[in-house]
Amino acid sequence: MHTKTMEGLIGARTNMELMNTPFRVFKEARRKGDTEMMKRAMGYMNECEEDAYEYKEVADEGMKKDVEETRRIAEEQREEMIKNRREEREEQQKKLEEARQEKQDNKPVDTVEISEDGKVLLKENTQTAETDAEGTDVETDASQKPKADLEPVFYSSTGEVKQSEDTGTKVSASV
């Protein structure tokens with residue numbers, strides 16, 4: 001609370017209480033019929049009332065300053081909050097960019113090497129099936145193209161080629 005507000009409120013209240021004394025004098029003078037005393041009591045009452053209104057104006061002025069100060073403080077707090085939020089947002093964006101960069105840097109890359117047999121099969125398959133102008137498949141004469149060995153090839157865990165001993169219909173799979 002601003003000092004002018006406190007001063008104004010206290011001064012107005014005090015003058016309103018001081019007005020009670022001349023008012024009692026006024027009532028007593030009226031009962032006695034003493035008009036001169038009534039006029040003097042009314043004069044004191046008017047002075048107290050004027051002082052009370054002056055202090056009221058001081059309190060109003062102090063309250064305006066309180067409002068201005070409160071608005072200024074609120075605006076500063078708002079600006080500080082906006083600044084903090086911007087900084088937090090920038091930090092989050094930086095963290096996101098770093099995380100994205102780490103993901104891109106740490107992506108596992110698989111390399112595939114096609115064996116000579118696979119290259120021959122690929123070449124053979126692309127040469128035996130061709131498409132005509134309408135997009136339908138047209139089989140070419142397979143006797144014109146060299147055929148590769150179509151036996152299945154198995155690889156060990158070390159990557160070496162193992163030939164299958166039994167090429168029967170028996171299939172085993174483990175999960």
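Small disclaimer: the values here were computed from a predicted structure and weren't measured.

Asker: Help me get a handle on the packing of helix α1 (residues 3-18) against helix α3 (residues 35-105), residues and values and all.
Answerer: Packed helices, taken two at a time, are described by the angle between their axes plus the distance between the axes. Here α1 crosses α3 at 160°, and the two axes come no closer than 7 Å. Taken together, α1 and α3 sit at an angle that is classed as roughly antiparallel. The interaxial crossing formed by α1 with α3 has left-handed handedness. Contact residues: Lys-4, Thr-5, Glu-7, Gly-8, Leu-9, Gly-11, Ala-12, Asn-15, Met-16 and Leu-18 in α1; Cys-48, Asp-51, Ala-52, Tyr-55, Lys-56, Val-58, Ala-59, Glu-61, Gly-62, Met-63, Lys-65 and Asp-66 in α3.

Asker: How would you explain the confidence of the model for the protein if you had to name every residue and give the values?
Answerer: Close inspection of predicted coordinates is inappropriate in any region flagged by low pLDDT. For the protein, the mean per-residue pLDDT works out to 80, and 77% of the residues sit at or above 70. Segment residues 141-146: pLDDT under 50, and three contacts once partners within four positions in sequence are set aside and those in other chains are kept.

Asker: Pulling in residues and values, what's your account of helix α2 (residues 20-32)?
Answerer: Compared with the 18 Å implied by 1.5 Å per residue over 13 residues, the 19 Å span of α2 between its first and last C-alpha is a close match. All of the buried residues along α2 are Pro-22, Phe-26 and Ala-29. Summarising the axial view, the buried residues of α2 lie within an arc of 70°, below the 170-degree limit, and thus occupy one face. Counted as exposed and oriented over 90 degrees from the buried face of α2: Arg-24 and Arg-31. Where the residues of α2 are buried, they touch α1 and α3. Trailing α2 by a residue or two, Gly-33 shows a phi angle of about 85°, which is positive.

Asker: Quick rundown of the pattern of salt bridges? Include the residues and the values.
Answerer: One pass over the full model with this rule turns up eight salt bridges. Here Glu-28 ties to Lys-32 by a salt bridge, and the two come within 3.3 Å at their closest N and O atoms. Separated by four residues within a single helix, Glu-28 and Lys-32 lie in helix α2, roughly one turn from each other. By relative accessible area, which is 38% here, Glu-28 ends up partly exposed. The exposure class assigned to Lys-32 is exposed, which follows from its relative accessible area of 61%.

Asker: How would you explain a negative patch on the surface if you had to name every residue and give the values?
Answerer: On the surface, Glu-47, Glu-49, Glu-50, Asp-51, Glu-54 and Glu-57 cluster together into a negatively charged patch. Checked against the element boundaries, Glu-57 lands in helix α3.

Asker: Please provide a residue-by-residue account of α3, values included.
Answerer: Between its first and last C-alpha, α3 extends 103 Å over 71 residues, near the 105 Å set by a 1.5 Å rise per residue. Where the residues of α3 are buried, they touch α1 and α2. A distance of 3.5 Å separates the backbone nitrogen of Glu-36 from a side-chain oxygen at the start of α3, and that oxygen is part of Asp-34.

Asker: Just give me the short version of the side chain of Asp-66, but keep the residues and values in it.
Answerer: Its location among the elements puts Asp-66 in helix α3. Lys-65 provides the closest opposite charge to the buried, salt-bridge-free Asp-66, at an N-O distance of 9.5 Å. Sequence-distant contacts of Asp-66, defined by excluding residues within four places in its chain, comprise Met-1, His-2 and Thr-5.

Asker: Account for the nonpolar core, naming residues and giving values.
Answerer: Met-19, Phe-26, Ala-29, Met-38, Ala-41, Met-45 and Cys-48 form the largest nonpolar core, which has seven residues in total. For this core, the secondary structure elements donating two or more residues are α2 and α3. Among the elements that line this core, the one with the most residues is α3, at four residues.

Reading the values: the criteria
- Residues numbered from 1 in each chain as written.
- Predicted model: local features only at pLDDT ≥ 70, side-chain atom pairs only at ≥ 80, totals over all residues.
- Heavy atoms only, no water.
- Axes fitted to C-alpha atoms, helices over the stretch in contact; angles between N-to-C directions.
- Helix = DSSP H or I, 4+ residues; strand = E, 2+ residues; numbered from the N terminus.
- Parallel < 35°, antiparallel > 145°, perpendicular 65-115°, else oblique.
- Left-handed = near helix turned anticlockwise from the far one by under 90°.
- Contact = heavy atoms within 4.5 Å.
- pLDDT = per-residue confidence, 0-100.
- Expected span 1.5 Å × (residues − 1).
- Buried < 20%, exposed > 50% of the residue type's maximum accessible area, 1.4 Å probe, protein only.
- Arc of directions from axis to C-beta.
- Salt bridge = Lys/Arg side-chain N within 4 Å of Asp/Glu carboxyl O.
- Patch = residues over 30% accessible without salt bridge, like charges linked within 9 Å, V, L, I, M, F, W, Y side chains within 5 Å.
- Areas by Shrake-Rupley, 256 points an atom, 1.4 Å probe, with all protein chains shown as cover.
- Lys, Arg positive; Asp, Glu negative; His and termini not counted.
- Charge placed at Lys NZ, Arg CZ, Asp CG, Glu CD.
- Polar contact = N/O pair within 3.5 Å; in protein donor to acceptor, adjacent residues only side chain to side chain.
- Core = buried A, V, L, I, M, F, W, Y, C linked by side-chain atoms within 4.5 Å.

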